[in-house]
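Structural characterization, general
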Amino acid sequence: TIDIVFILLSFILSLLIYIWIKKKFFLYEKKITRKNTKLKELNELLEKKVKERTLKLEASNTQLERLAKTDALTQVNNRYFFMECIDAEVKRYYRYHSVFSLIMFDLDYFKQINDTYGHQKGDEILIEVSRLVENSLRDTDSLFRFGGEEFMVILPHTQLDEAYEIADRMRLLIEKSDFGLQTPTTISVGVVAFTDEDSVDSVISKV
C-alpha cells in the first residue's frame, strides 16, 4: 500500500513538474516569438528607411549631376558639359570616323541691349533664344551656353553643308522672332566640320 501511495505521489509530482516545465517552455517560446516578431518588424522598418534614404541620395546625386551640367540662367547645357561632350565626339571620330560638325553663335551687340534695356531684359533674351534654338534642333543635337552671350551646338553625324543649313535656319529664326526690342535681334554664326587634322582646341578655335 505504501508503495502504491509512493508511486502515485511520484506520478502526481512528475506530472506537476511536467506541467510546470511545459508552461515555462510555452511562456519562453511565446516570449521568443514576440521578440522575433519585433525584430522582424524592426528589420523591415530599417530596410524601408535604408531604401528611402538610398532613393533620396540617388535623387540628390542626380539633381547635383544635372546642376553641374546645366547653365543656371538658360537651363541648357553649360560650358563644363560642352567640354566633356566635345571630347567624347572627338574620341568617337578617331575611333569610328564618326563625322560631326560644330556651330558657335553669339548675339550681336548684346552689351548695347544690356545698356539700353537693362540686364534683366538681356537675361530674358538669352533664355528665349536658348529655348527657340533648342526646340529647333534635332534630338541628336546638343545646345550649350559657352559663356555670356556665346553658345555652341554639337551636331553628331553631320557634314559641313548640312551644318550650314541648320545654322542658317537658326539665324533666320532668331532674326524673325520678336523679343520686344525696337530693332531685330540678330546672331553671328560660325560653322565647322571636324577633320583628321583637328583636335578639341583646334576645332573650337576654328569655329
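Now for a quick tour of the structure. Bear in mind the structure is a predicted one, so any value in this text is a computation, not a measurement.

With that out of the way, let us pick up the sheet that holds strand β3 (residues 150–156). Pairing within the open sheet is antiparallel, and its 4 strands lie in the order β2-β3-β1-β4. Among the strands making up the open sheet, the edge pair consists of β2 (142–147) and β4 (187–193). Strand-to-strand twist of the sheet, defined as the mean angle between neighbouring strand axes without regard to direction, takes the value 20°. Bridge analysis of strand β1 (residues 100–107) against β4 gives 7 bridges, and the strand direction is antiparallel. Among the inter-strand pairings, F105 is bridged to a residue of β4, identified as V189. Seen against the sheet, helix α5 (residues 160–176) touches β1, β3 and β4 and runs at an angle of roughly 170° to β4.

All right, on to the packing of aromatic side chains then. In the structure shown here, the tally under the stated rule is 8 aromatic pairs. Arranged with centres 5.3 Å apart and planes meeting at 70°, the rings of F82 and F144 form a pair that is edge-to-face. With F82 in helix α2 (residues 79–96) and F144 in strand β2, this residue pair connects regions lying 62 residues apart in the sequence. On the basis of relative accessibility, which here comes to 0%, the residue F82 falls in the buried class. Take F144: its relative accessible area is 0%, and that puts it in the buried class. Among the aromatic residues, ring-to-ring pairing joins F81, F82, F144 and F146 into one connected group. Here R79 stacks its cationic end above the ring of F146, 3.9 Å away from the centre of that ring.

Glancing now at the packing of helix α4 (residues 119–136) against α5. Angle between the axes and distance between the axes are the two parameters that describe a pair of packed helices. Taken N-terminus to C-terminus, the directions of α4 and α5 make an angle of 140°; their axes are 10 Å apart at the nearest point. Between α4 and α5, the crossing angle belongs to the class labelled oblique. Between α4 and α5 the crossing geometry is right-handed. Residues V129, L132, V133 and S136 of α4 form the contact with α5, whose participating residues are M170, L173 and I174.

About the cut-offs
- Residues numbered from 1 in each chain as written.
- Predicted model: local features only at pLDDT ≥ 70, side-chain atom pairs only at ≥ 80, totals over all residues.
- Heavy atoms only, no water.
- Pairing = 2+ DSSP bridges.
- Helix = DSSP H or I, 4+ residues; strand = E, 2+ residues; numbered from the N terminus.
- Axes fitted to C-alpha atoms, helices over the stretch in contact; angles between N-to-C directions.
- Contact = heavy atoms within 4.5 Å.
- Phe/Tyr/Trp six-rings, centres within 6.5 Å; stacked < 30°, edge-to-face > 60°.
- Buried < 20%, exposed > 50% of the residue type's maximum accessible area, 1.4 Å probe, protein only.
- Lys NZ or Arg CZ within 6 Å of the ring centre and 35° of its normal.
- Parallel < 35°, antiparallel > 145°, perpendicular 65-115°, else oblique.
- Left-handed = near helix turned anticlockwise from the far one by under 90°.

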